[in-house]
Amino acid sequence: EPEVTQTPSHQVTQMGQEVILRCVPISNHLYFYWYRQILGQKVEFLVSFYNNEISEKSEIFDDQFSVERPDGSNFTLKIRSTKLEDSAMYFCASSKAQALGYEQYFGPGTRLTVT
Amino acid sequence: TQLLEQSPQFLSIQEGENLTVYCNSSSVFSSLQWYRQEPGEGPVLLVTVVTGGEVKKLKRLTFQFGDARKDSSLHITAAQPGDTGLYLCAGLSTDSWGKFQFGAGTQVVVTP
């Protein structure tokens, strides 16, 4: 069964450093998403992406964040200058469409630890 | 922001018992999804409900979407230890096609 994959599974970085989290969405999916989950808190929406453009973003997704689909398979989330509060699980998700009743499928996540 | 409240936060039951977890909001959702999440892993989709009053069954799991599309419930019959996990509901707001709003989850523990 096709699945969303994410690398790395765990990333440790120092405050102020740039990180890139990578995702390979399900191959025939056209819509891509990033969510994050701070330890013990809710899963929070960050951004959705379609046709090489951001279609929606939350207030969390500020200028320090960017997303890119550099080739036909990868979808990346970049954090330019990490802060301690960026420590969280980051989940990539994808969907085939965005019509009523559509489904988002999540990857296993990347645990980001900022020290 | 449309808030989803899940209750209870934690539920511990014996194998064979039944349980129900709830997902409530004051807002209407276009659709609602239920996921199960294991520690350190991503949410795994269980079901999507779209129509008010809709009931879907997945083996021993029964999902219901409220008539007004503001709430949902998940009922597990004859729970097994393999049902242990964090159950999350996520609603798609009526003014957004991309952003699912998640509840905080109900941690279910089924002991043998």
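Residues numbered from 1 in each chain as written. Chains lettered and ligands numbered in written order. Predicted model: local features only at pLDDT ≥ 70, side-chain atom pairs only at ≥ 80, totals over all residues. Heavy atoms only, no water.

Student: How would you summarise the overall build of chain A if you had to cite specific residues and measurements?
Tutor: Counting its regular elements, chain A contains 0 helices and 11 strands. Starting at the N terminus, the α and β elements of chain A follow one another as β-β-β-β-β-β-β-β-β-β-β. For chain A, the C-alpha radius of gyration of 13 Å lies close to 13 Å, the compact-globule estimate for 115 residues. Dimensions of chain A, computed from the C-alpha atoms along their principal axes, are close to 40 × 30 × 30 Å. (Helix = DSSP H or I, 4+ residues; strand = E, 2+ residues; numbered from the N terminus. Rg over C-alpha atoms; globule rule 2.2 N^0.38 Å.)

Student: Which residues make up the interface of chain A and chain B, and what values go with them?
Tutor: Opposite the 21 residues of chain A that make contact, chain B presents 24 residues. Contact between chain A and chain B buries roughly 1800 Å² in total, counting both sides, with carbon and sulfur atoms accounting for 59%. Contact with chain B buries area across many residues of chain A, yet A:K42, A:L100 and A:Y102 alone supply 28% of it, more than any other trio. For the pair chain A and chain B, the interface holds 0 salt bridges. The interface formed by chain A and chain B includes 9 residue pairs in polar contact (both at pLDDT 80 or more). Elements that contribute at least two residues to the side of chain A that touches chain B include exactly strand 4 (31-37), strand 5 (43-50), strand 9 (88-95) and strand 10 (105-106) of chain A. It is strand 4 of chain A that provides the largest number of residues to the side of chain A that touches chain B, a total of 3 residues. Taken together, the residues of the side of chain A that touches chain B break down into 12 nonpolar, 5 polar and 4 charged. (Contact = heavy atoms within 4.5 Å. Buried area = accessible area lost by both parts, 1.4 Å probe. Salt bridge = Lys/Arg side-chain N within 4 Å of Asp/Glu carboxyl O. Polar contact = N/O pair within 3.5 Å; in protein donor to acceptor, adjacent residues only side chain to side chain. Nonpolar A, V, L, I, M, F, W, Y, C, P; charged D, E, K, R; others polar.)

Student: I'd like a rundown of the nonpolar core, residues and numbers included.
Tutor: Of all hydrophobic cores here, the largest spans 22 residues; its most connected members are A:W34, A:L46, A:F61, A:V67, A:F75, A:L77 and A:Y90. Contributing elements (two or more residues each) for this core: strand 3 (19-24), strand 4, strand 5, strand 7 (65-68), strand 8 (75-79), strand 9 and strand 11 (110-114) of chain A. If near-sequence neighbours (up to four positions away) are discounted, A:F61 is found in contact with A:L46, A:V47, A:I54, A:S66, A:V67 and A:L77. Listed in part, the 21 residues of the second largest apolar core include B:V47, B:I76, B:C89 and B:V110. (Core = buried A, V, L, I, M, F, W, Y, C linked by side-chain atoms within 4.5 Å. Buried < 20%, exposed > 50% of the residue type's maximum accessible area, 1.4 Å probe, protein only.)

Student: Now, about the sheet that holds strand 8 (residues 71-76) of chain B: what can you tell me, with residues and values included?
Tutor: Residue and element names in this part refer to chain B. Spatial ordering of the open sheet is given by 1-3-8-7-6, a layout of 5 strands whose pairing is antiparallel. The sheet is open, and its two borders are formed by strand 1 (5-7) and strand 6 (55-58), each paired with just one other strand. Taken over all neighbouring pairs, the strand axes of this sheet differ in orientation by 15° on average, direction set aside. Bridging between strand 7 (residues 61-65) and strand 8 involves 5 bridges; their strand directions are antiparallel. Of the residues in strand 8, the one forming a bridge with L61 is I76. (Pairing = 2+ DSSP bridges. Axes fitted to C-alpha atoms, helices over the stretch in contact; angles between N-to-C directions.)

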